[in-house]
Amino acid sequence: MPNSASGMAVNDECKLKFLELKTKRNYRFIIFKIENQEVVVEKLGSPDETYDDFNESFPADECRYAVFDFDFITDENCQKSKIFFIAWSPDASRVRSKMVYASSKDRFKRELDGIQVELQATDPSEMSLDIVKGRAL
C-alpha cells in the first residue's frame, strides 16, 4: 500500500528476501530499486560474493537502496556480523530520482527490521570497505 507521504509502496519480496538474509543468511547482499512507485528487489548476492561484488552492483548514474551482511572479527577475536543499509545516490543521478529516493528512504528502512548501521553514499569512496569496517566495530 503506498505511503501517503512518499507515495511509495514496498513490494513484499523486499521484506521476504531481507528476512532470509537476516535469519537464514541465504544472501550476502540485496540491491533494491524504485520502479513504478514501488520498491522492488533488483539483485540478490549469493553468500560467497564479496564486498567488491556488492560495490560493482551499483549503477554509476542511478540511485539505489541496498543491504549488506558484513562479517568481521572484533579486536577480541570474536566473529560477528552487522547488517548495513546503504542509500546510494550518486552525483550523476537525476535530481528527481534523488528526491524520490531521499523521501522514501526512512519508510522503506522501517520495513526492514534488523538494520544495524546506515550509510549514505554519493560516490564509491564513501562506502569503501575501510569505512564499512570502521562503522562495524
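- Taking an unreviewed UniProt entry as the reference, the protein is identified by name as ADF-H domain-containing protein belonging to Carya illinoinensis.
- Heading Sequence similarities (unreviewed entry) of the UniProt record for the protein holds this comment: "Belongs to the actin-binding proteins ADF family."

### Notes on the side chain of Ser-93
Then, in step 1: In this fold, Ser-93 is placed in the loop between strand S5 (79–88) and helix H3 (95–111).
Then, in step 2: At 2.7 Å, the side chain of Ser-93 forms a polar contact with the backbone oxygen of Pro-90.
Then, in step 3: Setting aside residues up to four positions removed in sequence, Ser-93 forms contacts with Asp-61, Glu-62, Cys-63 and Lys-98.

### Some words on the packing of aromatic side chains
Then, in step 1: Tallying each qualifying case throughout the model produces 15 aromatic pairs.
Then, in step 2: Here the aromatic rings of Phe-32 and Phe-108 are separated by 4.9 Å at their centres, their planes lie at 75°, and the arrangement is edge-to-face. One end of the pair, Phe-32, is in strand S2 (residues 29–35); the other, Phe-108, is in helix H3, and 76 residues separate them in sequence.
Then, in step 3: A residue is classified by how much of its surface remains accessible, and Phe-32, at 0% relative accessible area, is buried.
Then, in step 4: Taking 4.8 Å as the distance between ring centres and 45° as the angle between the ring planes, the aromatic pair formed by Phe-54 and Phe-68 counts as tilted. Residue Phe-54 is located in helix H2 (residues 51–55), and its partner Phe-68 is located in strand S4 (residues 64–73); the two are separated by 14 residues in the primary sequence. Accessibility assignment for this pair places Phe-54 and Phe-68 in one class, buried.
Then, in step 5: An aromatic cluster is defined as three or more aromatic residues linked by ring pairs; in this entry it consists of Phe-29, Tyr-51, Phe-54, Phe-58, Phe-68, Phe-70, Phe-72, Phe-84 and Trp-88.

### Regarding H3
Then, in step 1: Counted at 1.5 Å a residue, the expected span for H3 with its 17 residues is 24 Å, and the 25 Å between its end C-alpha atoms agrees.
Then, in step 2: The set of residues buried in H3 consists of Ser-97, Val-100, Tyr-101, Ser-104, Lys-105, Arg-107 and Phe-108.

### What about the layout of surface pockets?
Then, in step 1: The space that makes up the largest pocket amounts to roughly 270 Å³.
Then, in step 2: Taken together, the elements giving at least two residues each to the lining of the largest pocket come down to S2 and H3.
Then, in step 3: Considering every element that reaches the lining of the largest pocket, the biggest residue donor is H3, with four residues.
Then, in step 4: Of the residues belonging to the lining of the largest pocket, the class tally is four nonpolar, four polar and seven charged.

What counts and what doesn't
Residues numbered from 1 in each chain as written. Predicted model: local features only at pLDDT ≥ 70, side-chain atom pairs only at ≥ 80, totals over all residues. Heavy atoms only, no water. UniProt positions renumbered as here; feature names shortened; annotations may be inferred. Helix = DSSP H or I, 4+ residues; strand = E, 2+ residues; numbered from the N terminus. Polar contact = N/O pair within 3.5 Å; in protein donor to acceptor, adjacent residues only side chain to side chain. Contact = heavy atoms within 4.5 Å. Phe/Tyr/Trp six-rings, centres within 6.5 Å; stacked < 30°, edge-to-face > 60°. Buried < 20%, exposed > 50% of the residue type's maximum accessible area, 1.4 Å probe, protein only. Expected span 1.5 Å × (residues − 1). 1 Å grid on protein atoms, 1.4 Å probe; cavity = no way out; pocket = protein on both sides within 12 Å on 5 of 7 lines; lining within 4 Å. Points joined across faces, edges and corners; volume = space filled by probe spheres on them. Nonpolar A, V, L, I, M, F, W, Y, C, P; charged D, E, K, R; others polar.

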